[in-house]
Amino acid sequence: MYEKISTKVHEQSEVKGVSMWQSAIVRGAGGGCHRVCNREWSNSIKTLPLLHTLRIHTSEGPNRNHQKGAGVNVFDRQSKLLQRERAARNPDVAVFDYLKEEVGYRLSDRILDIKRELKTGLDLGCGRGHVAKNITDVELSHLYMSDFSPSMLEAAQVPQGIGCTKLVIDEEKEFPLESDSLDIVISNLNLHWVNNLPGCLREVQRVLKDDGVFLASMFGGDTLFELRSSLVLAELEREGGFSAHISPFTEIRDVGTLLNQCGFTMLTIDVDEINVGFPTMFELLWDLQGMAENNAGVNRKPHLHRQTLLAASAIYQEMYGKSEGIPATFQIIYMIGWKPDPKQKLNQAERGSGQISLKDLHKLDDLIQEQGMEGRIKFMKDLENDEEKK
């Protein structure tokens, strides 16, 4: 169904006349990243007032998701399945694994930080085994590897020395696993294509044992912001309106709330940004298709005009390009959540039971420098004696 709205907009007759957004990634001392934008308007903009009719898509009928806990389908899962099948059968599929390989290695490295016994696990949406093949020093006795693309699952590499079972699992349906059967569930760059994400996380929570851990990575909201803005500006200039060509991603501020609502506790969430360089925008689009990360939105536009693509490429180069090419930003959100164990109850200390005042902590450094560790121990004992006298 279309809803027509007429409005006057100014079409810019030349690509070089668009407003310029300059972006830079600034990395802080603590490892955090943020984007700094500076808006500069061109002084030689040639505009022509035109009357355009904008089309706004409304979701109805076939886009409704009737699964429990879900509302409207944002992604076309059948199209995504076909995209993954095509990517898995590509003879050059390994050429496009560089991003998922890197994130899968970083995610597997986080498993080593979990200091507890892990016997049985699930790699949810394993793809070509980018995480599983890096699991080497973990004492897993059995690992389930799952994907909803049979061809992708067949091509997945299995870890050495660990028993593996491959299962075709649709993340939007009930998992064919028993409740309270797994110690760990891993998911690498897969959950951003799930419509009913709360339902999927509840299934993860169901199959985990008490005190089991969920470890995942997914694309964040700033992923491909350069490509998104370039396509929007190009379509506004050439066609007088724009459609969504980049799938929506989860914002980091919503991840913690979502995990809490699904029953996970002791959350740890951090963000990383990976910048990849390309000669032009067209190589970026080619790689996204090879990764099976091309658009699969329900209301996606079926065709993008050649002139719009050429304009978007020129805008991309003008706004973000460098002498060696263009950058593409991938924001990665890493999350760790634990299924609560009823046996592990944390009792809060009584109010006023603290023995050391925080206002005296600054004296520790001076005592250590003057008297060494013996002075620190004496200081702590003196504080305890003072509290006992009081």
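Residues numbered from 1 in each chain as written. Predicted model: local features only at pLDDT ≥ 70, side-chain atom pairs only at ≥ 80, totals over all residues. Heavy atoms only, no water.

- The protein chain appears in an unreviewed UniProt entry as Arginine-hydroxylase NDUFAF5, mitochondrial from Petrolisthes cinctipes.

**Here we look at unusual backbone geometry**
Consideration 1: One non-glycine residue, Leu 224, adopts positive backbone phi at about 55 degrees.
Consideration 2: Checked against the element boundaries, Leu 224 lands in the loop between strand S9 (208–219) and helix H5 (225–239). (Helix = DSSP H or I, 4+ residues; strand = E, 2+ residues; numbered from the N terminus.)

**Brief notes about the pattern of salt bridges**
Consideration 1: Applying the stated criterion across every chain, the model contains 21 salt bridges.
Consideration 2: Among the ionic pairs, Glu 117 bridges to Lys 119, the shortest N-O distance being 3.2 Å.
Consideration 3: In this structure Lys 119 comes out as partly exposed when scored by relative accessible area, which is 33%.
Consideration 4: Put simply, Arg 206 and Glu 203 hold a salt bridge, and the shortest N to O gap is 2.9 Å. Of this pair, Arg 206 and Glu 203 both sit in helix H4 (residues 197–207), three residues apart, which is roughly one turn of the helix.
Consideration 5: Glu 203 gets classed as buried once you look at its relative accessible area, which sits at 15%.
Consideration 6: Each of Arg 77, Asp 170, Glu 171 and Glu 172 takes part in one network of salt bridges that share partners. (Salt bridge = Lys/Arg side-chain N within 4 Å of Asp/Glu carboxyl O. Buried < 20%, exposed > 50% of the residue type's maximum accessible area, 1.4 Å probe, protein only.)

**Examining empty space enclosed by the protein**
Consideration 1: Across all of its chains, the model carries two cavities of 30 Å³ or more by this definition.
Consideration 2: Looking at the largest cavity, it is lined by 21 residues, and the ones nearest its centre are Lys 100, Gly 127, Arg 128, His 130 and Met 152.
Consideration 3: Residue composition of the lining of the largest cavity, grouped by class: nine nonpolar, six polar and six charged.
Consideration 4: Of the voids in this model, the second largest cavity is the one considered here, and its volume is about 40 Å³.
Consideration 5: Lining the second largest cavity are Leu 191, Leu 197, Leu 201, Met 218, Thr 250, Val 255, Leu 258, Leu 259 and Met 335.
Consideration 6: Among the elements of the structure, H4 and helix H6 (252–261) are those that each provide at least two residues to the lining of the second largest cavity.
Consideration 7: Ranked by residue count, the leading element in the lining of the second largest cavity is H6, at three residues.
Consideration 8: Among the residues making up the lining of the second largest cavity, the classes are represented as eight nonpolar, one polar and no charged. (1 Å grid on protein atoms, 1.4 Å probe; cavity = no way out; pocket = protein on both sides within 12 Å on 5 of 7 lines; lining within 4 Å. Points joined across faces, edges and corners; volume = space filled by probe spheres on them. Nonpolar A, V, L, I, M, F, W, Y, C, P; charged D, E, K, R; others polar.)

**A closer look at the confidence of the model for the protein chain**
Consideration 1: A residue-level look at the protein chain finds 76% of positions with pLDDT of 70 or above and a mean pLDDT of 79.
Consideration 2: Counting interchain partners and residues more than four positions distant, the pLDDT-below-50 stretch residues 1–67 has 123 contacts. (pLDDT = per-residue confidence, 0-100. Contact = heavy atoms within 4.5 Å.)

**Some thoughts on the packing of aromatic side chains**
We describe a pair of aromatic rings using the distance from one ring centre to the other and the angle between the two ring planes.
Consideration 1: Scanning the entire structure with this criterion turns up six aromatic pairs.
Consideration 2: With a centroid separation of 6.0 Å and an interplanar angle of 45 degrees, the aromatic rings of Phe 219 and Phe 330 are classed as tilted. On the criterion of sequence distance, the pair formed by Phe 219 in strand S9 and Phe 330 in strand S11 (residues 326–338) is long-range, its members being 111 residues apart. Phe 330 shares its class with Phe 219; the two are buried.
Consideration 3: The interplanar angle of 75 degrees and the centroid separation of 5.8 Å between the aromatic rings of Tyr 316 and Tyr 320 together place this pair among those described as edge-to-face. Placement of the pair is Tyr 316 and Tyr 320 together in helix H8 (residues 306–320), with a separation of four residues, close to one helical turn. Each member of the pair, Tyr 316 as well as Tyr 320, is classed as buried.
Consideration 4: Put simply, the rings of Phe 219, Phe 249 and Phe 330 pair up and form one aromatic cluster.
Consideration 5: Taking NZ or CZ as reference, Arg 110 lies 3.9 Å from the ring centre of Tyr 334, over its face. (Phe/Tyr/Trp six-rings, centres within 6.5 Å; stacked < 30°, edge-to-face > 60°. Lys NZ or Arg CZ within 6 Å of the ring centre and 35° of its normal.)

**What to know about the nonpolar core**
Consideration 1: The biggest cluster of nonpolar side chains holds 53 residues, and the ones touching the most others in it are Ile 135, Leu 227, Leu 284 and Phe 330.
Consideration 2: Not counting chain neighbours up to four residues away, the residues in contact with Ile 135 comprise Ile 111, Leu 140, Leu 143, Pro 159, Ile 162 and Ile 186.
Consideration 3: Counting residues in hydrophobic clusters, the runner-up holds 25 residues, among them Ile 169, Leu 191, Val 207 and Ile 333. (Core = buried A, V, L, I, M, F, W, Y, C linked by side-chain atoms within 4.5 Å.)

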